[in-house]
Amino acid sequence: MHSINVHNTLTGKKEPFVPLNGNKVMMYACGPTVYDMSHLGHARMTMVYDVVQRYLRFSGYDVTYVRNITDVDDKIINRAKALGKTPEQVAREYTYTFWHDMHCLNVQPPDYEPKATEFIELMIQFTKELIEKGHAYESAGDVYFDVASFKEYGKLGKKSLEDLLVGARDQVRSQEDLADKKKSPADFALWKSAKEGELAWSSPWGQGRPGWHLECSTMTKHVLGETFDIHAGGEDLVFPHHENEIAQSEALHGKPMSKYWLHNSFVQVNSEKMSKSEGNFSTIQELLAKFSPDTIRLFALQTHYRNPIEFSIEALTASRTALGRILRAAAFAVNSQNGKSFETTGQALLEQTKNQISKATAESLDPVKDETTKQFRAAFIEAMDNDFNTAVAISQLFALADKVFVEKDEAKRQGYATVLVQFARLLGLTLVDTRKQIDSHTVEQIVNLVVELRQNARSNKDYATSDLIRQRLTDAGVSLMDTAGQTTWEKA
Ligand SMILES: [Zn+2]
């Protein structure tokens, strides 16, 4: 069996994946800061690492997947002020919308989902220990990490001091802070003093709140341990967020924070990163109003996670058409356990997507076991073993779908379709067939059209047709009212 190879940002190379502790994989992905609706850029990140954890489990690893919620942050505080709410209300509301979005997109919940506010005491402890070790200093109610005290600073992003100083501008609250409070502009806040009336916790340095980077260092330490296997996030987190996490954790523990660092690329619009600040984003709910969850997932996974995706409605529409091929092929599948068609709704679906196949059982669950499915499995697994190359793996799904369409032998065709379903679900595709599901807006347009056709029939004195239409609409639960030459309708 091939081993999995992963691109490690820390070494800049693709390396064989060997966990620290036998079969166990400890994995952490930086989760959302909950202050607004999630957009496709966020969804890409969560879907990418959802597939990574699914594939690691498929490969036989005992995975502990942790994705945090950042529920205290300047962005949340500012948003709360703008909305006239408390930061706690804003964080709670957007935590729920995030969960809802993830559920819609069939992103499996992580094993643990720590919230920053549940770890404040431990963050204060972490900061105290860094001060004791000479890696941090207090300054007028703030505490800063002393970057000069950590010789390996910059090793993740391979940054020069000049880059660091440019990046550092984002890390200070204002230019006065830069001059007055810090020893070096590159130093970053572990603890920020609160202004009067702001969200704050008591600390040895007065009322304040933790810095964002400290949150992840503390939560990973207490949920996964001082060293773990995979730390993942969007590529914009390499610097400063992950660089600073490394500085804090490794300065305190004297050992590597994570063995592998995985970073996914952006979703772009006209070659610009999709982001809140650019205002060029589509929220997940906006996209779900037009496209099925599987279409969005297929669109996101058709590009390797380290390459940028150029977003457009046309590109999503092309993914929808492509998904149609997979759905048509999957319709031939038969559930080997009960001989019936694959369930695509409700609890049964949930069970099936949860109990995915494994590398070890994939062959035994294959109902055909011929050269076609053997080659398919090998090519799919080879692609995924190669740094989770979903783009190539999906091209194999399409190739298998083509075999389904041309196969004359009914048993083989069912078998190919069944294998297709098993592997598509490994990528988190639900294969819920939404092609015949019509939303209320479309229904309204159709009823309006029928009413118009009935008006035409009446104008032509074709009362037989007009009465037939009225009767059929009544049977379908729609009543018509003719008043003063106008026809209106309502649900019966
Ligand atoms: Zn983080």
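Just so we're clear, the structure is a prediction, and the values are computed from it rather than from any experiment.

A. Expanded view of the overall build of the protein chain. Looking only at helices and strands, the protein chain features 18 helices and 15 strands. Structurally, the protein chain occupies a C-alpha span of about 90 × 65 × 35 Å along its principal axes. When the 492 residues of the protein chain are sorted by exposure, 51% land in the buried category. For the protein chain, long-range pairs separated by at least 24 residues make up 74% of all intrachain contacts whose partners lie at least 6 apart in sequence. The averaged location of the 65 negative side-chain charges in the protein chain is 4 Å from the averaged location of its 57 positive side-chain charges.

B. The arrangement of the sheet that holds strand β11 (residues 267–269) in detail. Here three strands make up an open sheet; going across it, the order is β12-β11-β13 and the pairing mixed. The open sheet has two edge strands, β12 (272–273) and β13 (309–310), and neither has a second partner.

C. Just the coordination of the zinc ion, in detail. Coordination of the zinc ion by the protein comes from Cys-30 (SG), Cys-216 (SG), His-241 (NE2) and Glu-245 (OE), over a distance range of 2.0 to 2.5 Å. Note that the zinc ion binds four donor atoms; their angles at the metal cover 74 to 128 degrees, and the shape is irregular. Mapped onto the sequence, the donors of the zinc ion take the spacing C-x185-C-x24-H-x3-E. Here His-241 lies in helix α8 (residues 238–253) and Cys-30 lies in the loop between β3 (24–29) and α1 (40–58), a separation of 211 residues in the sequence. An identical accessibility class is assigned to Cys-30 and His-241; each is buried.

D. Geometry of the packing of aromatic side chains. What the rule picks out here adds up to 15 aromatic pairs. Ring geometry for Trp-191 versus Trp-205: centroids 5.9 Å apart, planes at 55 degrees, classification tilted. With Trp-191 in strand β7 (residues 188–193) and Trp-205 in the loop between β7 and β8 (208–210), this pair connects stretches of sequence that are 14 residues apart.

E. Spatial organisation of the nonpolar core. Judged by nonpolar contacts, the single largest core of 58 residues is most densely connected at Tyr-49, Leu-56, Leu-397 and Phe-423. Split by domain, this core shows at least three residues from each of two domains, domain 1 (5–273) and domain 2 (291–426). For Leu-56, the contacting residues outside a window of four places in its chain are Ile-4, Phe-17, Val-25, Met-27, Tyr-61, Val-63, Ile-230 and Phe-388. Ranked by size, the runner-up nonpolar core spans 39 residues in total, among them Ile-120, Met-123, Val-143 and Ala-251.

F. Expanded view of the packing of α1 against helix α10 (residues 293–301). For the pair α1 and α10, interaxial distance at closest approach is 10 Å and the crossing angle is 80 degrees. When the axis of α1 is compared with that of α10, the two are roughly perpendicular. Contacts from Leu-40, Arg-44, Met-47, Asp-50, Val-51 and Arg-54 in α1 reach Ile-296, Arg-297, Phe-299, Ala-300 and Leu-301 in α10. A class-by-class count of the residues in the contact of α1 with α10 yields seven nonpolar, no polar and four charged.

G. Main features of the environment of Leu-214. Tracing the chain through its elements places Leu-214 in helix α7 (residues 212–223). Between the alpha carbons of Leu-214 and Ala-116 there is a distance of 9.5 Å; along the sequence they are 98 residues apart. Those residues in contact with Leu-214, other than ones at most four positions away along the chain, are Met-123, Phe-126, Thr-127, Leu-190 and Gln-248.

H. Here's a closer look at the environment of Gly-324. Inspection of the secondary structure puts Gly-324 in helix α11 (residues 313–330). Take Gly-324: its relative accessible area is 7%, and that puts it in the buried class. Between the alpha carbons of Gly-324 and Thr-434 there is a distance of 9.5 Å; along the sequence they are 110 residues apart.

I. Here's a closer look at helix α15 (residues 390–406). Helix length check: α15 (17 residues) gives 25 Å between terminal C-alpha atoms against 24 Å at 1.5 Å per residue, within 8%. Those residues of α15 that fall on the buried side of the exposure criterion are Thr-390, Ala-393, Ile-394, Leu-397, Phe-398, Leu-400, Ala-401 and Val-404. Down the axis of α15, the buried set is contained in an arc of 165 degrees. They therefore lie on one face. Close packing links the buried residues of α15 with α1, α10, α11, α14 (371–385) and α16 (410–426).

J. Quick peek at empty space enclosed by the protein. Counted under the stated rule, the structure contains two cavities of 30 Å³ or more. In this structure, the second largest cavity spans a volume of roughly 50 Å³. Lining the second largest cavity are Val-48, Val-51, Val-52, Leu-301, Thr-303, Tyr-305, Phe-388 and Thr-390. The biggest single contributor to the lining of the second largest cavity is α1, with three residues. Tallied by class, residues from the lining of the second largest cavity come to six nonpolar, two polar and no charged. Split by domain, the residues of the lining of the second largest cavity number at least three in each of domain 1 (5–273) and domain 2 (291–426).

K. Spatial organisation of the sheet that holds strand β4 (residues 62–67). One open sheet holds the four strands; their spatial order is β4-β3-β9-β10, and the pairing between them is parallel. Looking at strand neighbours, the two that pair on one side only are β4 and β10 (258–264), the edges of this open sheet. In this sheet, neighbouring strand axes are inclined to one another by 20 degrees on average, regardless of whether the strands run parallel or antiparallel. As defined by bridge partners, β3 adjoins strand β9 (residues 228–234) across three bridges and the pair is classed as parallel. Bridging across to β9, Met-27 finds its partner in Ile-230.

L. Representation of the packing of helix α4 (residues 120–132) against α7. Where α4 meets α7, the axes come as close as 9 Å, and the angle between the chain directions of the two elements is 100 degrees. Considering the angle they form, α4 stands roughly perpendicular to α7. Within the contact between the two elements, α4 uses Leu-122, Met-123, Phe-126, Thr-127 and Glu-129 and α7 uses Leu-214, Glu-215, Ser-217, Thr-218, Lys-221 and His-222. Taken together, the residues that form the contact of α4 with α7 break down as four nonpolar, four polar and three charged.

M. Representation of the pairing of β10 in the model. Taken across its seven residues, β10 has six buried, putting it largely inside the fold. Note: β9 against β10, six bridges, orientation parallel. Its bridge partner lying in β10, His-231 is registered against Trp-261.

About the cut-offs
- The residue numbering used here restarts from 1 in each chain and proceeds along that chain's sequence as written.
- It should be noted that, the model being predicted, local features are given only for residues of pLDDT at least 70 and side-chain atom pairs only at 80 or more, the latter also being counted only at that level, while totals for whole chains, interfaces and linings use all residues.
- Excluding hydrogens and water, the side-chain values take into account all heavy atoms of the structure.
- Going along the chain from the N terminus, every DSSP run of H or I of four or more residues is numbered as a helix, and every run of E of two or more is numbered as a strand.
- Buried residues are those whose accessible area, probed at 1.4 Å on protein chains only, stays under 20% of the maximum for their type, while exposed residues exceed 50% and partly exposed ones sit between those limits.
- Throughout, a residue-residue contact means that at least one pair of heavy atoms, one from each residue, lies within 4.5 Å.
- A positive count includes Lys and Arg, and a negative count includes Asp and Glu. His and the chain ends are not counted in either.
- The atoms used to mark charge sites are NZ of Lys, CZ of Arg, CG of Asp and CD of Glu.
- Strand pairing follows a simple DSSP-based rule, namely that at least 2 bridges must link the two strands.
- Note: metal donors comprise N, O and S atoms at 2.8 Å or less from the metal (3.2 Å for Na, K and Ca); water molecules are not included, so apparent gaps in a site are possible.
- Geometry assignment treats four donors as tetrahedral when all angles are between 85 and 135 degrees, treats four as square planar and six as octahedral when opposite donors are over 155 degrees apart and all others between 65 and 115, and treats everything else as irregular.
- Geometry of aromatic contacts follows a simple scheme: Phe, Tyr and Trp rings, the Trp one being its six-membered ring, pair when their centres are within 6.5 Å, and the pair is stacked under 30 degrees between planes, edge-to-face over 60, tilted otherwise.
- We call a set of buried Ala, Val, Leu, Ile, Met, Phe, Trp, Tyr and Cys residues a nonpolar core when their side-chain atoms join them within 4.5 Å.
- Here the limits of each domain have been adopted from an automatic or database domain assignment.
- Geometry is summarised by axes, namely lines fitted to C-alpha atoms with helices restricted to the contacting stretch, and by angles between N-to-C directions that run from 0 to 180 degrees.
- Roughly parallel means an angle under 35 degrees; roughly antiparallel, over 145; roughly perpendicular, 65 to 115; everything else is oblique.
- Under the scheme applied, nonpolar residues are Ala, Val, Leu, Ile, Met, Phe, Trp, Tyr, Cys and Pro; charged residues are Asp, Glu, Lys and Arg; polar residues are all the others, including Gly.
- Here the expected length of a helix is defined as 1.5 Å per residue gap, with one fewer gap than residues.
- Taking the helix axis as origin, the arc is that swept by the directions to the C-beta atoms.
- The rule is simple: put a 1 Å grid over the protein atoms alone, call a set of points where a 1.4 Å probe fits but cannot get out a cavity, call an open set with protein on both sides within 12 Å along at least five of seven lines a pocket, and count a residue as lining if it has an atom within 4 Å of a point.
- Grid points are joined across faces, edges and corners, and a volume is the space filled by probe spheres set on the points.

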